[in-house]
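Architecture at a glance
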Amino acid sequence: MQKIIKPFSILSKYPEHNIYIADDIFTNFNQIIQKYPNALIVTDENIHKKLLTNFTKLNSKILAANVKAEKGLAEKISNEILAYDFAIAIGSGTINDLVKYAAYLANRPYIIFATAPSMNGYYSENASLISNNLKQSYKAKIALDGYFDLKILAHAPLRLIQSGIGDSICSTTARADWLLSHYITGSTYEELPFDLTYKLEEKLYQKVNLLKTRKLEPIYLLTEILIYSGLAMTYCNGSYPASQGEHLIAHLYEMLDPDNANLLYHGEQIALTSLIMISLQEKLIKQTNIMLKTRSFPTMIKNLNIVKAPLDIASTNQILATKWPELTNKILAKFRSNITMIKILNEAGINIAKNQNILNQNLYEFAIKNAFLIRDRFTFLDLNHYL
C-alpha cells in the first residue's frame, strides 16, 4: 500500500508539500534524509533506540522519553534549529508539536516522520503546547514533507492507535456543533472537511476490530483520516471541524484536574467527551422544538476568566422556531448514534469504563456543565445550559 497526498489539492498556499504513506519508508530512511542537507533531527530516547541506532552520523537532539510538549522547550529547540536548514521530527503528538512550533519560530521548513496514528494534529497549523500549566494552541506551519510508514504505525503502542480512533470519532459531534453555531450565530460553516473523512471513517469502522491485530489496511484508513482531519482544520483556518464541545469539556477538565487527565492520552479523553456530546446532541435533536430560557452563569472558574457573553434568548428562540427542523435534518445526514460509537470504541479495544473511572467524577460533571463558558464557540453545551 502506498499513496502520495498533495496538500495543494486542498490548500493552495502549500504547492510544494507532500505526504507519503507506504509500507516500508524507514528502510529507505538514509536515502530520504539526504533530500534535507544540514538538518537537525529531533526525537526522543525510545524512538531513537528503536529506529535510529543505525544512523549515528545524524545531527540529532534526543529528548527524554517522557518529555512534555512545553512551550519553553519548543523555544529552546527553535534556537538550536537556527543553525540548520531543516528540522526533522521523528515521533507523534508531543514531538510533532514541539518541532512544528520550533521550526515556525525559527522560520525553517520541517519534516515529520510519524511513529503513531495517535492524533489528528500532524497537518493542522496549530501546535498544542503547555504554558503556565495550561495546554494552549499556538500558530505553526504544516510539514514540508510527511512520511507515514504503515509498518511502524501498526507497531506503535496499542493505546496510541486507540487514541487515534478516539480523536477521530469527534467528527460527528464537531459537525453537529458547528452546524448549530452556523444556524444560531451566523458563523461560517464548511462541509468539505467532513466530505474528506466521512467515507474513510465508514470503511474503517467496519473493520475497526482489526486494529488490535495491527492489520495494515485499518491502520492505513486511520492514518488517512487523521491526516485529512488536520488538513481540514488548516483549510478552515481553525479547529472548527475537529474541536467543539467535546474538546471544551476535555480542556476544562484538564485545567481542573491535570494529574488525572494526564493519565489518559488526548484521544482517550476525546473518546469519553465525544460520547457525552453525542448523548446530549442525540437527546436534543430528537425533540421537535426547542425553547430556551434566560439563565445566569458564574463570572469565574478556577481563576479563569469566562469569555462567553450572555445569549440573546429572544432572537435565538425565533431562529430555533423557524430553523430547528432544517438544522436537525442536516445534522442527521452524517450523525452517528451513541450506541454506534460505543460499539466502535469497544471493537477497537478501548476500555471506556476503565478510562472513565480514572477521572474525578465530581470535577468531570463540573467540566461538562461549565465547559461552554471557556471559549467563544457556540455548541450544544450552550443550548443545554439555556434549556
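As a further point, take the overall build of the protein. Across its full length, the protein carries 17 helices and 11 strands. A compact globule built from 387 residues would reach a C-alpha radius of gyration of about 21 Å, and the protein, at 21 Å, matches this within 12%. A principal-axis box enclosing the C-alpha atoms of the protein has dimensions of 65 × 45 × 40 Å. Counting every position in the protein, which comprises 387 residues, the buried fraction comes to 56%. Partitioning the intrachain contacts of the protein with sequence separation of at least 6 by distance along the chain shows that 75% fall at a separation of at least 24. One finds the centroid of the 40 positive side-chain charges in the protein at a distance of 2 Å from the centroid of its 34 negative side-chain charges.

Moving on, we get to the nonpolar core. Ranked by size, the top nonpolar core spans 116 residues in total, and within it L98, Y123, F148, I165, L231, F380 and L383 carry the most contacts. When residues of this core are assigned to their parent elements, the largest contribution, 10 residues, is made by helix 9 (residues 216-235). With sequence-adjacent residues up to four places away left out, F380 is seen in contact with A176, D177, L180, M277, L280, Q281, L284, I285, W324 and I331. By size, the runner-up hydrophobic cluster in this structure holds 20 residues, among which are I25, L52, I90 and I111.

Before going further, it helps to examine the sheet that holds strand 6 (residues 110-114). Consider a sheet: its strands pair through backbone hydrogen bonds, and that pairing is either parallel or antiparallel. The strand order 1-2-9-6-5-3-4 describes an open sheet built from seven strands, whose pairing is mixed. The open sheet terminates on both sides in strands that have one partner only, identified here as strand 1 (2-5) and strand 4 (60-63). Taking each pair of neighbouring strands and ignoring which way they run, the sheet shows an average axis angle of 15°. The sheet contacts of helix 4 (residues 93-106) involve strand 3 (39-44), strand 4, strand 5 (86-91) and strand 6, and relative to strand 5 the element is tilted by about 170°. Docked against the sheet, helix 9 engages strand 1, strand 2 (18-22) and strand 9 (145-149), running at close to 5° with respect to strand 1.

What follows is about the state of the cysteines. By the definition in use, this model includes zero disulfides. Left unpaired, C236 is separated from the closest cysteine sulfur, that of C170, by 13 Å. Judged by its relative accessible area of 12%, C236 falls in the buried class.

Calculation criteria
Residues numbered from 1 in each chain as written. Predicted model: local features only at pLDDT ≥ 70, side-chain atom pairs only at ≥ 80, totals over all residues. Heavy atoms only, no water. Helix = DSSP H or I, 4+ residues; strand = E, 2+ residues; numbered from the N terminus. Rg over C-alpha atoms; globule rule 2.2 N^0.38 Å. Buried < 20%, exposed > 50% of the residue type's maximum accessible area, 1.4 Å probe, protein only. Contact = heavy atoms within 4.5 Å. Lys, Arg positive; Asp, Glu negative; His and termini not counted. Charge placed at Lys NZ, Arg CZ, Asp CG, Glu CD. Core = buried A, V, L, I, M, F, W, Y, C linked by side-chain atoms within 4.5 Å. Pairing = 2+ DSSP bridges. Axes fitted to C-alpha atoms, helices over the stretch in contact; angles between N-to-C directions. Disulfide = S-S within 2.5 Å.

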